Amino acid sequence: MTPNDLKTVIEDAWSEETCAQWQPDNPAFGQGNVTALVVHDIFGGEIVKTEAPIGWHFYNIVDGLRYDLASGQFLEPLGYSDDPSSREEALAGIEEKYYLALKAKLKEVLG
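These numbers come from a predicted model, not from an experiment. Residue indices follow the written sequence of each chain, beginning from 1 at its first position. Under the rules for a predicted model, residues below a pLDDT of 70 receive no local features and side-chain atom pairs below 80 are neither given nor counted, while totals for whole chains, interfaces and linings still include all residues. Values reported for side chains reflect all heavy atoms of the structure, with hydrogen atoms and water molecules removed beforehand.

Caption draft 1: Spotlight on the pairing of strand β1 (residues 46–52). With a 1.4 Å probe rolled over the protein chains alone, any residue whose accessible area is under 20% of its type maximum counts as buried; one over 50% counts as exposed, and the rest are partly exposed. Counting from the N terminus, the helices are DSSP H or I runs at least four residues long and the strands are E runs at least two residues long. Burial of β1 is extensive: 5 of the 7 residues sit out of reach of the surface. The rule for pairing is simple: two strands pair if DSSP sees at least two bridges between them. Across 7 bridges, β1 lies against strand β2 (residues 55–62) in antiparallel orientation. What sits directly across from E46, in β2, is I61. Between β1 and β2, which follow one another and run antiparallel, lie 2 residues. Pairing geometry for β1 and strand β4 (residues 83–84), over 2 bridges, is antiparallel. The residue bridging V48 from the neighbouring strand is P84, located in β4.

So, in structure tokens, the structure goes:
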């Protein structure tokens, strides 16, 4: 199993409970931090970041492969720099309740 195997489950779990900026017409918008955190919970690896039009965007590297399950929020593809980051930095950019909400929704679906 890879993070891509969870893409549909995570996309279905995104809501205003997982990000204050959530938009029905662009559900991935603002979901980078919480998604990177839950992917890290499940698969380990690294949390990395790259500069995006709206600031830092967080995603994962697992077993040497890049996984950005929230990339659909951007109109143009990102030029990934894979800058080192951490759970603490990803969590610092959001309210913890959003991360906990996504984590709970995934636990509910995945068991």
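Caption draft 2: Representation of a nonpolar patch on the surface in the model. Together, I42, V109 and L110 make up a nonpolar patch on the protein surface, roughly 260 Å² of accessible area in all. For L110, the location among the structural elements is in helix α4 (residues 96–110). For L110, a relative accessible area of 43% gives the class partly exposed. Candidate patch residues must exceed 30% relative accessible area and have no salt bridge, after which like charges are joined if within 9 Å and Val, Leu, Ile, Met, Phe, Trp or Tyr side chains if within 5 Å. Computed with a 1.4 Å probe, the accessible areas rest on the Shrake-Rupley method; for each residue, only the protein chains presented here act as cover. The salt bridge criterion pairs a side-chain nitrogen of Lys or Arg with a carboxyl oxygen of Asp or Glu, the two atoms within 4 Å.

Caption draft 3: The arrangement of the packing of aromatic side chains in detail. Under the pairing criterion, centres of Phe, Tyr and Trp rings, with the six-membered ring standing for Trp, must be within 6.5 Å; the plane angle then separates stacked pairs below 30 degrees from edge-to-face pairs above 60, leaving the rest tilted. Counted by the stated rule, this structure contains 1 aromatic pair. Taking the centre distance of 4.9 Å and the plane angle of 70° together, the rings of Y59 and Y80 count as edge-to-face. Of this pair, Y59 sits in strand β2 while Y80 sits in the loop between β3 (65–67) and β4, and the two are 21 residues apart along the sequence. Judged by relative accessible area, Y59 falls into the buried class, the value being 1%. We classify Y80 as partly exposed; its relative accessible area is 26%.

Caption draft 4: Focus on the side chain of N60. Along the chain, N60 turns up in strand β2. The exposure class assigned to N60 is buried, which follows from its relative accessible area of 2%. N or O atoms closer than or at 3.5 Å make up a polar contact, with two conditions inside protein: a donor-capable atom paired with an acceptor-capable one, and, for residues adjacent in sequence, both atoms drawn from side chains. There is a polar contact of 2.9 Å between the side chain of N60 and the backbone oxygen of A36. The contact criterion used throughout is that any non-hydrogen atoms of two residues lie within 4.5 Å. In contact with N60, other than residues within four places in its own chain, are T35, A36, V39, H40, E46, I47, V48, L65, R66 and Y67.

Caption draft 5: Layout of the pairing of β2. Within β2, 7 of the 8 residues are buried, leaving the element largely enclosed by the surrounding structure. By the bridge criterion, 3 bridges tie β2 to β3 in an arrangement that is antiparallel. Bridged to I61 within β3 is R66. Between the end of β2 and the start of β3, which pair antiparallel, lie 2 residues, with D63 showing a positive phi angle near 50°.

Caption draft 6: Up close: the layout of surface pockets. Here a cavity denotes a set of grid points, spaced 1 Å apart and computed over the protein atoms alone, in which a 1.4 Å probe fits but from which it cannot get out, and a pocket denotes an open set meeting protein on both sides within 12 Å along at least five of seven lines; residues with an atom within 4 Å of a point are reported as lining. Grid points are joined across faces, edges and corners, and a volume is the space filled by probe spheres set on the points. Space inside the largest pocket adds up to approximately 310 Å³. Lining the largest pocket we find 21 residues, and of these Q21, G30, N33, G93 and I94 sit closest to its centre. Of all the secondary structure elements, the ones that give two or more residues to the lining of the largest pocket are α2 (32–43) and β2. Broken down by element, the residue count for the lining of the largest pocket peaks at 4 residues, all from β2.

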